[in-house]
Amino acid sequence: MHELSIAHSLAELAVEAAEFSGIKQVKALYLKLGVLSGVVKEALEFSFDVVVQGTSLEGAKLIIEDVPVTVFCPSCQETRILPEPFPMRCPVCGTKTGQVLAGREMELYALEGGEENARADLESSNC
Amino acid sequence: MQELTLNPRIVEIRQNILKKNDLLARELRKRFQKAGVYVVNLVSSPGAGKTTLLTEVLTRLGKRYRVAALVGDLATENDADRLRQSGAKVRQITTGTVCHLEAEMIARTLQDWDLEKIDFLFIENVGNLVCPASYDLGENQRVVLFSVTEGEDKPVKYPTIVNSADAAVITKIDLAEAAGFQRERFYEALNQVRPGIRIHEVSVRTGEGVDEWISRLEADKSAFHMSSSV
């Protein structure tokens with residue numbers, strides 16, 4: 001259950017980013033998780049809800065985008081997206097390849113603030 | 001230049017969630033490189049034989065190099081005590097409830113060590129084939145261990161850690177026949193999830209393969225320091 005540690009890191013990062021962006025209450029966090037990241041989504045969601053209590057992230061939703069494995073095929077000399085992470089072979093020619101270009105990421109991609117922040121944004125952009 | 005988003009309430013962040021760990025791991029890697037320490041991170045399930053193999057490797061390698069080890073467990077100093085029998089400098093990291101080692105634990109534990117006096121540092125991770133995969137510890141290579149009694153499909157069951165490893169070591173190879181170990185199936189499983197992964201077979205009991213693995217680590221170390229000094 002390393003998702004608890006990951007949730008801690010995520011919360012820390014998001015709270016800092018929210019402060020930096022002037023977001024008082026975060027409504028949603030957008031994540032990109034590679035299918036090779038080794039993170040179990042349900043465990044992360046559960047841990048996240050626990051660690052964000054009392055912070056500006058409390059009640060925020062995790063919106064998770066799965067990133068498939070992208071490899072470089074040495075035979076085709078092309079990047080290929082694998083339909084399934086394993087076996088690691090080119091889906092076109094079948095050549096085995098361990099050159100992973102994407103699919104390991106664990107990224108906080110964006111933050112969404114609540115309504116009050118939107119109004120604040122609009123007001124500030126009117127200045 | 002700021003990218004346009006449809007929803008004004010959405011702010012792009014694009015940061016790695018484990019940024020702190022990864023930054024710390026990068027710093028560690030620099031420190032290791034500067035001091036000339038070659039670092040090997042050993043991962044496996046409990047009981048694969050990490051401590052037994054490591055005690056043997058520290059004993060043999062310790063005759064020619066200055067060797068040290070950090071060992072992670074949830075509780076007890078037992079493994080550190082076993083490893084110390086090799087004469088190496090060893091420190092236990094007790095993680096409490098944490099199922100893996102993180103860069104911060106390594107940095108904290110090494111704080112008062114003089115890295116200049118170490119050639120090889122082995123990190124024996126917590127016995128777990130899932131969680132250690134996500135944490136960079138600043139190591140030069142990650143080695144995943146499997147014993148012949150674990151079943152040939154284990155690499156496919158725990159693909160993430162195998163995929164993050166640089167080499168695989170198959171332990172207790174002296175028991176291969178008794179355990180009905182099917183070598184080809186196991187190799188195929190490893191190659192499905194990490195094509196081209198380097199594989200070593202070892203037995204501490206008979207000594208088979210141990211010196212070969214050590215020679216390989218020595219070669220890796222000199223190749224690394226040669227390439228990094230250019």
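Note that the structure is a prediction, hence the values are computed from the model and not measured.

## Some thoughts on the UniProt feature "binding site: Zn(2+)" (unreviewed entry) in chain A
Residue and element names in this part refer to chain A.
Alright, step 1. When the UniProt feature table is mapped onto this chain numbering, "binding site: Zn(2+)" (unreviewed entry) sits at Cys73, Cys76, Cys90 and Cys93. Considering the C-alpha atoms alone, the annotated residues occupy 21 residues of sequence yet fold into one spot, their largest mutual distance being 8.6 Å.
Alright, step 2. With respect to the helices and strands, cysteine 90 occurs in the loop between strand S4 (78-81) and strand S5 (100-102).
Alright, step 3. Under the relative-accessibility criterion, cysteine 90 is labelled buried at 3%.
Alright, step 4. Excluding residues that lie within four positions of it along the chain, cysteine 90 makes contacts with Cys73, Cys76, Arg80, Thr95 and Thr97.
Alright, step 5. As for its placement among the helices and strands, cysteine 93 is situated in the loop between S4 and S5.
Alright, step 6. Using a relative accessible area of 38% as the deciding quantity, one classes cysteine 93 as partly exposed.
Alright, step 7. With residues near it in sequence (within four places) discarded, cysteine 93 still touches Cys73, Ser75 and Cys76.

## Here we look at the interface of chain B and chain A
Alright, step 1. Taken together, the contact between chain B and chain A spans 30 residues of the former and 39 residues of the latter.
Alright, step 2. In total, about 2900 Å² of surface goes out of reach between chain B and chain A, with carbon and sulfur atoms giving 59% of it.
Alright, step 3. Its largest share of buried area at the contact with chain A, chain B owes to Arg9(B), Ile13(B) and Ile17(B), together 27% of the area lost on that side.
Alright, step 4. At the junction of chain B with chain A, the criterion picks out 14 residue pairs in polar contact (both at pLDDT 80 or more).
Alright, step 5. Looking at the side of chain B that touches chain A, the elements with two or more residues in it are strand S1 (10-16), helix H1 (19-35), helix H6 (159-163) and helix H8 (183-193) of chain B.
Alright, step 6. It is S1(B) that contributes the most residues to the side of chain B that touches chain A, seven residues altogether.
Alright, step 7. Its residues assigned to classes, the side of chain B that touches chain A shows 13 nonpolar, nine polar and eight charged.
Alright, step 8. Two strands pair when backbone bridges link them, and strand S6 (residues 106-113) of chain A and S1(B) are joined in this way by five bridges, in the antiparallel orientation. Counterpart to Glu112(A) in the pairing with S1(B) is Ile10(B).

## Let's talk about the UniProt feature "binding site: Ni(2+)" (unreviewed entry) in chain A
Alright, step 1. UniProt feature "binding site: Ni(2+)" (unreviewed entry): in the numbering of this structure it lies at His2(A).
Alright, step 2. Apart from residues no more than four positions distant in its own chain, His2(A) is found in contact with Gly38(A), Cys99(B), His100(B), Val130(B), Cys131(B), Ser134(B) and Tyr135(B).

## Focus on the pairing of strand S7 (residues 167-171) of chain B
All names here are of chain B.
Alright, step 1. With five of its five residues buried, S7 lies for the most part within the structure.
Alright, step 2. Side-chain alternation along S7 places Ala167, Val169 and Thr171 on one buried face and Ala168 and Ile170 on a second face that is also buried.
Alright, step 3. Sheet topology note: the strand S6 (residues 141-147)/S7 ladder contains five bridges and is parallel. The residue bridging valine 144 from the neighbouring strand is alanine 168, located in S7.
Alright, step 4. Bridge analysis of S7 against strand S8 (residues 198-201) gives four bridges, and the strand direction is parallel.

## Quick word on the packing of H1(B) against helix H4 (residues 103-110) of chain B
All names here are of chain B.
Alright, step 1. One can describe the packing of H1 onto H4 by two numbers: an axis separation of 8 Å at closest approach and a directional angle of 40°. What the angle tells us is that H1 and H4 run oblique. Both H1 and H4 take part in a crossing whose hand is left-handed. Listed contacts from H4 to Asn21, Leu24, Ala25, Leu28, Arg31 and Phe32 of H1 are Ala103, Glu104, Ile106, Ala107 and Leu110.
Alright, step 2. For the contact of H1 with H4, the per-class residue count stands at eight nonpolar, one polar and two charged.

## Re the nonpolar core
Alright, step 1. Ranked by internal contacts, the top residues of the largest apolar core, which has 51 residues, are Leu29(A), Leu108(A), Leu111(A), Phe32(B), Ile106(B), Leu110(B) and Leu121(B).
Alright, step 2. Ranked by the residues each element gives to this core, the list is headed by helix H1 (residues 3-21) of chain A, at eight residues.
Alright, step 3. Aside from chain neighbours lying at most four places away, what touches Leu29(A) is Leu10(A), Ala14(A), Phe48(A), Ala60(A), Lys61(A), Leu62(A), Ile63(A), Leu108(A), Ala110(A) and Leu111(A).

## A short note on the pattern of salt bridges
Alright, step 1. Overall, the coordinates contain 24 salt bridges over all chains when judged by the stated rule.
Alright, step 2. The closest approach of N and O atoms between Asp112(B) and Arg91(B), which form a salt bridge, is 3.0 Å. Taken as a pair, Asp112(B) in the loop between H4 and strand S5 (120-124) and Arg91(B) in strand S4 (residues 89-94) lie far apart in primary sequence, 21 residues in all.
Alright, step 3. Using a relative accessible area of 58% as the deciding quantity, one classes Asp112(B) as exposed.
Alright, step 4. Of the residues examined, Arg91(B) reaches a relative accessible area of 28% and is grouped as partly exposed.
Alright, step 5. Salt bridges linked by common partners bring Glu12(A), Glu16(A) and Lys20(B) together as one network.

Cut-offs used in this document
Residues numbered from 1 in each chain as written. Chains lettered and ligands numbered in written order. Predicted model: local features only at pLDDT ≥ 70, side-chain atom pairs only at ≥ 80, totals over all residues. Heavy atoms only, no water. UniProt positions renumbered as here; feature names shortened; annotations may be inferred. Helix = DSSP H or I, 4+ residues; strand = E, 2+ residues; numbered from the N terminus. Buried < 20%, exposed > 50% of the residue type's maximum accessible area, 1.4 Å probe, protein only. Contact = heavy atoms within 4.5 Å. Buried area = accessible area lost by both parts, 1.4 Å probe. Polar contact = N/O pair within 3.5 Å; in protein donor to acceptor, adjacent residues only side chain to side chain. Nonpolar A, V, L, I, M, F, W, Y, C, P; charged D, E, K, R; others polar. Pairing = 2+ DSSP bridges. Axes fitted to C-alpha atoms, helices over the stretch in contact; angles between N-to-C directions. Parallel < 35°, antiparallel > 145°, perpendicular 65-115°, else oblique. Left-handed = near helix turned anticlockwise from the far one by under 90°. Core = buried A, V, L, I, M, F, W, Y, C linked by side-chain atoms within 4.5 Å. Salt bridge = Lys/Arg side-chain N within 4 Å of Asp/Glu carboxyl O.

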